[in-house]
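Structural characterization, general
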Amino acid sequence: MKPLKKIYCRTFQTILKFAIPFLPYRKPKILGSVKAIPDVLKKKKCSSVLIVTDKGISELGLLHRMKQALSEHNISYAIYDDTVANPTTVNVYEAVKLYQEHNCNAIIGFGGGSSIDCAKAVGVKIVKPDVPLATMKGILKVHKKLPLLIAVPTTAGTGSETTIAAVITDAVTRHKYAINDFPLTPRYAVLDPKVTLSLPPFITATTGMDALTHAVEAYIGNSTTPGTRKNALMAVQLIFDNLEKAYDDGSNLDARRNMLKASYYAGCAFTKSYVGYIHAVAHSLGGAYNIPHGLANAILLPFVLEAYGESIYPKLASLAQAAGIAEEDTLVEEAAHRFIDAIKDMKKKFGIGDTVAEIMESDIPRLAHYADKEANPLYPVPVLMDAGELEQFYYILMAQTDY
């Protein structure tokens, strides 16, 4: 990266870091079961709710307990279940139309990060109907309070139930972008392990590694706070203690509950401390090729950590201690390598490869440009890279390459 751009990025990040204590971050209130939702809706005088989810959730019957609870309390609902992985602007506009047709006054995002992000974007369009979504990408462009928003994560990984961000893909250009503003944080997050029980092992793994990526990128970045460091370490400990258990035995309620907690803690960490180039590159892959976000993060994670090099060894050593794979007296470099190797072992255990077959070499400059534009200057990464330097990761991930 050119020196002037480096100075600009680091100055921007430093100013933002000093502003963190004064910004209106908030955490959602936690509910332990979907059966608690009707009481919240009644308290907030909401009589009709839009449920934003996907076809898989509907077909698995995961909505049944919540629908029954809503019906028992005479709360009407409409269901939008056409959300796709990497939700598009079409999804958002269709859901907004349904919200309006049914005179809804609250929104429930029920599912993985895609459904919750779509629900957030629906809320944005409800309060800013005349503003195109694309013009609100970036930070602090919403400004208005959204309708009551409740998030019910069915995967333990995205952390979207805690964050100020909604990631949307333009249905025409396939460009993936984030809308970031404080009103997008859900008012309530329902951490109900029962809705995660039917999650297939591979999705359990990739979403769990998504949470791990959130915690790691938040921890190794330059904008941490004592609170975000504590949250990241707690998330890493919970993930290393529980992800394999949840993968091997999907009916293990304790492991499922702990993974929801891990995802929540990781979400709290990266909401304030941000992520890094793993996410930026993963978002570009999701937009271009519809690669699930958690899978893209999982594939990329060890490669980007290795590229950062020894600059992050002390922080990786602390993460290794939290993961239970290093002691305080373990040499820093050895502990750091143990942590990266443990991630590689996780990938093998879960059947996650090292390549993305869809990548076309002709696409790489454009994808790297998108990643550069997303990450710089916002993400306080430990080592700055421009688009040209980010191209290395796409070549590493190509199924057939001489790189």
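Located above this text is the structure these notes cover.
Residues numbered from 1 in each chain as written. Predicted model: local features only at pLDDT ≥ 70, side-chain atom pairs only at ≥ 80, totals over all residues. Heavy atoms only, no water.

Here Glu374 lies in helix H14 (residues 364-375). It turns out Glu374 is buried and unbridged, and the closest side chain with the opposite charge, Lys176, is 8.1 Å from it. Sequence-distant contacts of Glu374, defined by excluding residues within four places in its chain, comprise His279, Ala280, His283 and Tyr379. (Helix = DSSP H or I, 4+ residues; strand = E, 2+ residues; numbered from the N terminus. Buried < 20%, exposed > 50% of the residue type's maximum accessible area, 1.4 Å probe, protein only. Lys, Arg positive; Asp, Glu negative; His and termini not counted. Salt bridge = Lys/Arg side-chain N within 4 Å of Asp/Glu carboxyl O. Contact = heavy atoms within 4.5 Å.)

Ordered in space as E1-E9-E6-E4-E2-E3, the six strands form an open sheet in which the pairing is parallel. The open sheet terminates on both sides in strands that have one partner only, identified here as strand E1 (29-31) and strand E3 (76-80). Direction aside, the axes of adjacent strands within the sheet are offset by 20 degrees on average. Bridge count between strand E6 (residues 148-153) and strand E9 (residues 188-190): two bridges; the pairing is parallel. Within E9, the residue paired with Ala151 across the bridge is Ala189. Contacts between helix H6 (residues 113-127) and the sheet are confined to strand E2 (48-52), strand E4 (106-111) and E6, with E4 contributing the most and set at about 165 degrees to the helix. (Pairing = 2+ DSSP bridges. Axes fitted to C-alpha atoms, helices over the stretch in contact; angles between N-to-C directions.)

Evaluated as defined, the whole model comprises two cavities of 30 Å³ or more. Of the pockets and cavities examined, the largest cavity occupies roughly 70 Å³. His175, Lys176, His283, Ser284 and Tyr370 are the residues nearest the centre of the largest cavity, which is lined by 13 residues in total. Of all the secondary structure elements, the ones that give two or more residues to the lining of the largest cavity are helix H10 (277-289) and H14. Of the residues in the lining of the largest cavity, the class split is four nonpolar, five polar and four charged. For the second largest cavity, the calculated volume is near 60 Å³. Taken together, Ala156, Thr196, Leu199, Thr204, Thr207, Gly208, Leu243, Ala246, Arg256 and Met259 form the lining of the second largest cavity. Taken together, the elements giving at least two residues each to the lining of the second largest cavity come down to helix H7 (201-220), helix H8 (226-248) and helix H9 (253-273). Examining the composition of the lining of the second largest cavity, we find that three residues originate from one element, H7, more than from any other. A per-class count over the lining of the second largest cavity returns five nonpolar, four polar and one charged. (1 Å grid on protein atoms, 1.4 Å probe; cavity = no way out; pocket = protein on both sides within 12 Å on 5 of 7 lines; lining within 4 Å. Points joined across faces, edges and corners; volume = space filled by probe spheres on them. Nonpolar A, V, L, I, M, F, W, Y, C, P; charged D, E, K, R; others polar.)

Moving on: the pairing of strand E8 (residues 176-180). Of all five residues making up E8, five are buried, and the element is well covered by its neighbours. Burial along E8 is two-sided: the residues Lys176, Ala178 and Asn180 and Tyr177 and Ile179 are all buried. Where strand E5 (residues 138-139) and E8 come together, two bridges link them in parallel fashion. Along E8, the bridge assignment pairs Gly138 with Ile179.

Now for the sheet that holds E8. Read across the open sheet, the three strands follow the order E5-E8-E7; overall the sheet is mixed. Of all strands in the sheet, those with a lone pairing partner are E5 and strand E7 (165-169), marking the two edges. In the sheet, E7 pairs with E8 via five bridges, with the strands oriented antiparallel. Across the sheet, the residue bridging to Ala166 is Ile179, located in E8.

Now for the environment of Leu70. Along the chain, Leu70 turns up in helix H4 (residues 64-72). Measuring from C-alpha to C-alpha, the distance between Leu70 and Leu41 comes to 9.3 Å, with 29 residues separating the pair along the chain. Look past the residues within four positions of Leu70 in its chain and what remains in contact with it is Ile37, Pro38, Leu41, Val49, Ile51, Ile75 and Tyr77.

Once that is clear, we can look at the side chain of His279. Mapped onto the elements of the fold, His279 is located in helix H10. Judged by its relative accessible area of 4%, His279 falls in the buried class. Separated by 2.6 Å, the side chains of His279 and Glu217 make a polar contact. One polar contact links His279 to His293, side chain to side chain, over a distance of 3.4 Å. (Polar contact = N/O pair within 3.5 Å; in protein donor to acceptor, adjacent residues only side chain to side chain.)

Attention now moves to the layout of surface pockets. Size it by volume and the second largest pocket reaches roughly 220 Å³. What lines the second largest pocket is a set of 14 residues, among which Lys44, Lys145, Leu148, Arg187 and Tyr188 lie closest to the centre. In terms of residue class, the lining of the second largest pocket is built from seven nonpolar, one polar and six charged.

Let us now look at helix H13 (residues 332-350). If you check H13, its first and last C-alpha atoms are 27 Å apart, about what 19 residues at 1.5 Å a residue would give, namely 27 Å. On its buried side, H13 packs onto H7, H8, helix H11 (293-308) and helix H12 (313-323). In the stretch just after H13, Gly351 is the one whose phi turns positive, near 70 degrees. (Expected span 1.5 Å × (residues − 1).)

The subject of this paragraph is the nonpolar core. Counting 93 residues, the largest nonpolar core has Tyr277, Leu285, Leu305 and Phe339 as the members making the most contacts within it. It is H11 that provides the largest number of residues to this core, a total of 10 residues. Sequence-distant contacts of Leu285, defined by excluding residues within four places in its chain, comprise Asn290, Ile291, Leu300, Val356, Ile359, Leu367, Tyr394 and Leu397. Within the second largest apolar cluster, 27 residues are counted, among which are Leu50, Cys104, Ala119 and Leu184. (Core = buried A, V, L, I, M, F, W, Y, C linked by side-chain atoms within 4.5 Å.)

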